[in-house]
Amino acid sequence: MSMSAHDLDDIPGTVIYDGREAMRGYPLNKMCYSFNRADAREEFRHDPEAYMTKFKLNDQQKAAVRARNATKLIEAGGNIYYLAKLAGIFGLSVQDLGAQQTGMTVDAFKDMLKKQGD
Amino acid sequence: MARIIGGLTSSHIPAVGAAYAKKQFEDPYWKPFFAGYPPIHKWLAEQKPDVAVVFYNDHGLNFFLDKMPTFAIGAAFEYENQDEGWGLPVVGKFKGYPELSWQIIDSVVADGFDVCSCQEMAVDHGFAVPVQLFWGDQTKNPIKTVPICVNTVQHPVPTPMRCYRLGQAIGRAISAFPSDEKVVILGTGGMSHQLDGKRAGFINKKFDLMCMEKIVDHPEELAKISTHELIREAGAQGLEFILWLGMRGCLGDRVKRLHQNYHIPISNTAAGTLLLEKAA
């Protein structure tokens, strides 16, 4: 029997972004992928609600975008590499996203990164 | 025939691209990272390779989840870096080498690796950052490149052993290319890091250092690690270590480690730099 990606689910606190996630998250990720284009970013900034509707985001995904929260965006099927483009629009760094997901302050998160080098 | 002279590894994180653009080489945060490069620059200046074959992963510039090839090989005359959406400065074009690309594609498909060939391909920071770190500005005297893009974004991803074996096949393809050029192989990305989930910020120094040690003389043993174990030990994005195994596969059995640097953290990541010279 071949191993399914979900056999990886036992690594605590870790998202394995597989087909199950990809199916759920497709509209959200597709919207995020569009943000490679400056005109798309501008259109989103101008009217985020209309832009989310255009990409057919579901209610959970829309709420997660409004909340600007990495944990909720990932729960809604977002893939971190595409979410990074949305985070960029919001001015959030990967340390900001890390702090959100771990419940730390950004400074504490950065400190935690640094300490792992000791 | 073309000759592989060595392999290099480098982090490819976007923050490095931004720091490079701002020339923050002496900045206290960046200095321990950039300090890993001058010995490699010296070696490159002596060896003068003609071609860089670059293992990297696309992070949502060229490929979206609508079509996600496991292995994609660039076969273009040039590769453009483009806007990735979050403010990383766009660097110019990179020079391709389609004749060598097709040699590799023809050879590895015959060898059982059914790759996706790409005559148009935008290359993101995963490719652009390491090429710049090693060769600088690509607008003058650019090095010829062949991008080897591996899916690390959406599971199922290729196993570590599969990447190592692809590297071996690419190594055979290059060695059969009728040319007297010198080729270096880049393994980019890593080392341990995780961006998503409650374990975000995870770094594993002990595991990284073991990998940097073992990849020199015992790569095949290292490549036996499962995807599961690699993610557990290196983090969800530390999975990018499979790109290093692809590089190492190209080099053949015997290599000599000429230089190594390891630093924590750069952004959310442990950064590892290696120079492996292929034994004659």
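Right above here is the structure, for reference.
Rules of the game
Residues numbered from 1 in each chain as written. Chains lettered and ligands numbered in written order. Predicted model: local features only at pLDDT ≥ 70, side-chain atom pairs only at ≥ 80, totals over all residues. Heavy atoms only, no water. Buried < 20%, exposed > 50% of the residue type's maximum accessible area, 1.4 Å probe, protein only. Helix = DSSP H or I, 4+ residues; strand = E, 2+ residues; numbered from the N terminus. Arc of directions from axis to C-beta. Contact = heavy atoms within 4.5 Å. Core = buried A, V, L, I, M, F, W, Y, C linked by side-chain atoms within 4.5 Å. Disulfide = S-S within 2.5 Å. Phe/Tyr/Trp six-rings, centres within 6.5 Å; stacked < 30°, edge-to-face > 60°. Lys NZ or Arg CZ within 6 Å of the ring centre and 35° of its normal. Axes fitted to C-alpha atoms, helices over the stretch in contact; angles between N-to-C directions. Parallel < 35°, antiparallel > 145°, perpendicular 65-115°, else oblique. Left-handed = near helix turned anticlockwise from the far one by under 90°. Salt bridge = Lys/Arg side-chain N within 4 Å of Asp/Glu carboxyl O. Pairing = 2+ DSSP bridges.

K.L.:
Which residues make up helix α2 (residues 38–46) of chain A, and what are the values?
P.N.:
All names here are of chain A. Those residues of α2 that sit buried are Ala 40, Arg 41 and Phe 44. For α2, the arc enclosing every buried residue in end-on projection is 100°, short of the 170-degree limit, so these residues lie on one face. Buried-residue contacts for α2 involve α1 (19–34), α3 (48–54), α4 (59–67) and α6 (80–89).

K.L.:
Talk me through the nonpolar core; I want residue IDs and the actual numbers.
P.N.:
Residue and element names in this part refer to chain B. With 63 residues, the main nonpolar core has Val 53, Phe 55, Ile 104, Ile 170, Ile 174 and Ile 185 as its most contacted residues. With near-sequence residues (within four places) excluded, Ile 185 lies in contact with Ile 4, Gly 6, Gly 7, Leu 8, Val 53, Phe 55, Ile 174, Met 247, Cys 250 and Leu 251. In terms of nonpolar packing, the next biggest core, distinct from the first, is built from 36 residues, Phe 63, Tyr 79, Met 121 and Cys 149 among them.

K.L.:
Tell me about the state of the cysteines, and please be specific about residues and values.
P.N.:
Residue and element names in this part refer to chain B. Using the criterion set out here, one finds zero disulfides over all chains in the structure. Cys 116 supplies the cysteine sulfur nearest to Cys 118, a cysteine that is in no disulfide, at a spacing of 4.0 Å. Classification of Cys 118 as buried rests on a relative accessible area of 8%. Unpaired in this structure, Cys 163 has its nearest cysteine sulfur neighbour in Cys 250, at a distance of 11 Å.

K.L.:
Mind laying out the packing of aromatic side chains, listing which residues take part and the relevant values?
P.N.:
The tally for this structure, following the rule as stated, stands at 23 aromatic pairs over all chains. Centroid distance Tyr26(A) to Phe64(B): 5.3 Å. Interplanar angle 50°. Geometry classified as tilted. Of this pair, Tyr26(A) sits in helix α1 while Phe64(B) sits in the loop between β2 (51–56) and β3 (71–74), which puts the two residues in different chains. Each ring, one from Tyr51(A) and one from Phe55(A), has its centre 5.0 Å from the other, and the planes form 40°; the classification is tilted. According to the relative accessible area criterion, Tyr51(A) is buried, its value standing at 2%. Judged by relative accessible area, which is 18%, Phe55(A) ranks as buried. Among the aromatic side chains, those forming a connected cluster through ring pairs are Tyr20(B), Phe25(B), Tyr29(B), Trp30(B), Phe33(B), Phe34(B), Tyr37(B), Phe134(B) and Trp135(B). In this arrangement the basic side chain of Lys144(B) is found over the ring face of Tyr97(B), its NZ or CZ atom lying 3.9 Å from the centre. Residue placement shows Arg199(B) over the ring face of Phe202(B); its charged tip is 4.0 Å from the ring centre.

K.L.:
Which residues make up the packing of helix α4 (residues 98–110) of chain B against helix α6 (residues 160–175) of chain B, and what are the values?
P.N.:
Residue and element names in this part refer to chain B. Close contact between α4 and α6 brings their axes to 9 Å; oriented N to C, the two are set at 125°. Considered as vectors, α4 and α6 are oriented oblique to each other. In the packing of α4 onto α6, the handedness of the crossing is right-handed. Together, Leu 100, Gln 103, Ile 104, Ser 107 and Val 108 of α4 and Leu 166, Ala 169, Ile 170, Ala 173 and Ile 174 of α6 make up the contact between the two elements.

K.L.:
Can you tell me about the pattern of salt bridges, naming the residues and giving the values?
P.N.:
Residue and element names in this part refer to chain A. Applying the stated criterion across every chain, the model contains 18 salt bridges over all chains. A salt bridge links Arg 37 to Asp 39, with the nearest nitrogen and oxygen atoms 3.0 Å apart. Judged by relative accessible area, which is 44%, Arg 37 ranks as partly exposed.

K.L.:
Explain the pairing of strand β7 (residues 144–150) of chain B to me, using residue names and the numbers behind them.
P.N.:
Residue and element names in this part refer to chain B. With respect to burial, β7 is a largely interior element, seven of its seven residues being buried. Of the two faces of β7, both are covered, the one formed by Lys 144, Val 146, Ile 148 and Val 150 as well as the one formed by Thr 145, Pro 147 and Cys 149. Here six bridges tie β2 to β7, and the two strands are oriented parallel to one another. Bridge assignment links Val 51 to a residue of β7, and that residue is Lys 144. The sheet contact formed by β3 and β7 spans three bridges and is antiparallel. Residue pairing in the sheet places Phe 71 in a bridge with Val 150 of β7.

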